[in-house]
Amino acid sequence: MSITITPFTKQQLLPQEEKLEIGKHKSDLFIGIPKETSYQERRICLTPDAVTSLVYQGHRVMIESGAGESSSYSDKEYVDAGAEVTKDTKKVFACPILLKVEPPTIAEIKLMNPETILISAIQLKTKKKAYFEALAQKKITALAFEYIKDEDGSYPAVKSLSEIAGTASILIAAELMITDDLGKGLLFGNITGVPPTEVVILGAGTVGEFAAKTALGLGASIKVFDNSITKLRRLQNNLNQRVFTSTIQPKALLKALRRCDVAIGAMRGKERCPIVVSESMVEHMKKGAVIVDVSIDTGGCFETSEVTTHEKPTFLKNNVLHYCVPNIPSRYSKTASLSISNILTPYLLQIAEDGGIESAIRCNKGLLNGIYLYHGIVTNKAISDWFDLPHNDINLLVF
């Protein structure tokens, strides 16, 4: 009779009682918010009100002195809210949870402790392989705003900042139309007896939708172009009125651009934004017309677009005024900070309620989707493919 060889003892082979988790243990968070050092970045992740609600729940928040000044929040407001304010940058980066708007630099990663939890934007197009290698070396768990999903499958941080960018694009165009040296002295809108301002919007996503809402609110006449009929239909429904919509056909687009006073670029692409307006099309536009290329973050959808800064935002090309500043929401830093804070605070409270990030990502699929590095292991397939890094499925690492 053959004897079955098994690595288990007789005791281990006996049926065991199942051990179930009785209840979640709340954890106390210690959050560090360093001052943003990236060029043109003026936002902050948490407002004083958000800090108050976190401190009230028993959590600690440490903020680097002056971190909120560019968003019109003073150190005193944060101290009154219960935060610890310090001038020591190293002390802030030593916190177990770090909140940043922009992703940290390599030098900032060196200041972090191993196993730190980093919550920030990722801005994949601007990143290099060394960034992920530096995070992996410190076994950091990193979560990106852009990847966090809501219950309905949307991306709340991306959507919220797109709303700001869309609304802002029209307000910026309205300012540029009245400038003495380059503008035409036109009032954006619809005055009795005067033809309304004509606006062309390229892209029917969130940016395009909010640009359309703002332009219509001011009384402008709009034309929206997009190659997705579904997006155009959704935009029509969300606006609650019929507006001119069209797929991107060169003849129809050129006709609209020739007549328009303002053109808004709000296209998106997988890697680079598609160029849908050639230089020859721009040459046919009215003298003094305004182009606001919101898509410049991903390359721009006008062939004539060149990246500009908040300090020197415009340039004239083919007698058309171009505004091509990346990161438009940063111009409205207080509004953008409030928006980011409103999205992050409930998630932070949920992480504490669930007993830490490990338990939270087991319970919340949307939060799990935001993780792109788990204890130094790359868990996002797009990142691993883009930078040729080893990839592991997060679901196999988190049970």
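See above for the structure.
The structure displayed is predicted, hence computed values, not measured ones.

**Description of the side chain of Thr116**
Logical step 1: Within the fold, Thr116 resides in the loop between helix H5 (106–111) and strand S5 (117–120).
Logical step 2: For Thr116, a relative accessible area of 2% gives the class buried.
Logical step 3: Of note is the side chain of Thr116, whose polar atom sits 2.5 Å from the backbone oxygen of Asn113.
Logical step 4: With near-sequence residues (within four places) excluded, Thr116 lies in contact with Cys95, Pro96, Leu98, Ile140 and Thr141.

**Focus on the state of the cysteines**
A covalent bond between the sulfur atoms of two cysteines is referred to as a disulfide.
Logical step 1: Following the criterion strictly, the structure yields zero disulfides and no others.
Logical step 2: Left without a disulfide partner, Cys45 is nearest to the cysteine sulfur of Cys95, which lies 13 Å away.
Logical step 3: Given the relative accessible area of 1%, Cys45 is considered buried.
Logical step 4: Accessibility expressed as a relative area gives 1% for Cys95, which makes it buried.

**So, the environment of Leu46**
Logical step 1: With respect to the helices and strands, the residue Leu46 is situated in the loop between strand S1 (30–33) and helix H2 (48–56).
Logical step 2: You can call Leu46 buried: its relative accessible area is 0%.
Logical step 3: Note: C-alpha distance between Leu46 and Tyr78 (32 residues apart in sequence) is 9.7 Å.
Logical step 4: In this structure, Leu46 is in contact with Ile33, Val51, Leu54, Tyr78, Leu99, Ser341, Thr345 and Leu348, ignoring residues within four places of it in sequence.

**Notes on a positive patch on the surface**
Logical step 1: A surface patch of positive charge is lined by Lys125, Lys159, Lys231, Arg234 and Arg268.
Logical step 2: With relative accessibility at 33%, the residue Lys231 sits in the partly exposed group.

**What about the side chain of Glu64?**
Logical step 1: Looking at the element boundaries, Glu64 is found in strand S2 (residues 60–64).
Logical step 2: Buried charge Glu64 goes without a salt bridge, the closest partner of opposite sign being Lys35 at 6.3 Å.
Logical step 3: Excluding anything up to four places from it in sequence, Glu64 contacts Ile33, Pro34, Lys35, Thr86, Thr89 and Val92.

**Some words on the sheet that holds S5**
Logical step 1: The strand order across the open sheet built from eight strands is S3-S2-S1-S4-S5-S6-S14-S15, with neighbouring strands paired in mixed fashion. With one partner strand each, in any of the chains shown, strand S3 (84–86) and strand S15 (377–378) form the two edges of the open sheet.
Logical step 2: Note that strand S6 (residues 141–144) and strand S14 (residues 371–374) share two bridges and pair antiparallel. Bridge pairing in S14 links Leu143 to Ile371.

**Details of the environment of Gly217**
Logical step 1: Within the element layout of this structure, Gly217 appears in helix H8 (residues 206–217).
Logical step 2: Residue classification places Gly217 among the exposed positions, given a relative accessible area of 66%.
Logical step 3: Distance in space between the C-alpha atoms of Gly217 and Met177 is 17 Å, their sequence separation being 40 residues.

**Remarks on the packing of aromatic side chains**
Logical step 1: According to the stated counting rule, one finds six aromatic pairs in the structure shown.
Logical step 2: Aromatic pair Tyr131 and Phe132: ring centres 5.1 Å apart, planes at 80°, arrangement edge-to-face. Residues Tyr131 and Phe132 agree in their burial class; the two are buried.
Logical step 3: Ring centres 4.9 Å apart and planes at 45° place the aromatic pair Phe132 and Phe387 in the tilted group.

What counts and what doesn't
- Residues numbered from 1 in each chain as written.
- Predicted model: local features only at pLDDT ≥ 70, side-chain atom pairs only at ≥ 80, totals over all residues.
- Heavy atoms only, no water.
- Helix = DSSP H or I, 4+ residues; strand = E, 2+ residues; numbered from the N terminus.
- Buried < 20%, exposed > 50% of the residue type's maximum accessible area, 1.4 Å probe, protein only.
- Polar contact = N/O pair within 3.5 Å; in protein donor to acceptor, adjacent residues only side chain to side chain.
- Contact = heavy atoms within 4.5 Å.
- Disulfide = S-S within 2.5 Å.
- Patch = residues over 30% accessible without salt bridge, like charges linked within 9 Å, V, L, I, M, F, W, Y side chains within 5 Å.
- Areas by Shrake-Rupley, 256 points an atom, 1.4 Å probe, with all protein chains shown as cover.
- Salt bridge = Lys/Arg side-chain N within 4 Å of Asp/Glu carboxyl O.
- Lys, Arg positive; Asp, Glu negative; His and termini not counted.
- Charge placed at Lys NZ, Arg CZ, Asp CG, Glu CD.
- Pairing = 2+ DSSP bridges.
- Phe/Tyr/Trp six-rings, centres within 6.5 Å; stacked < 30°, edge-to-face > 60°.

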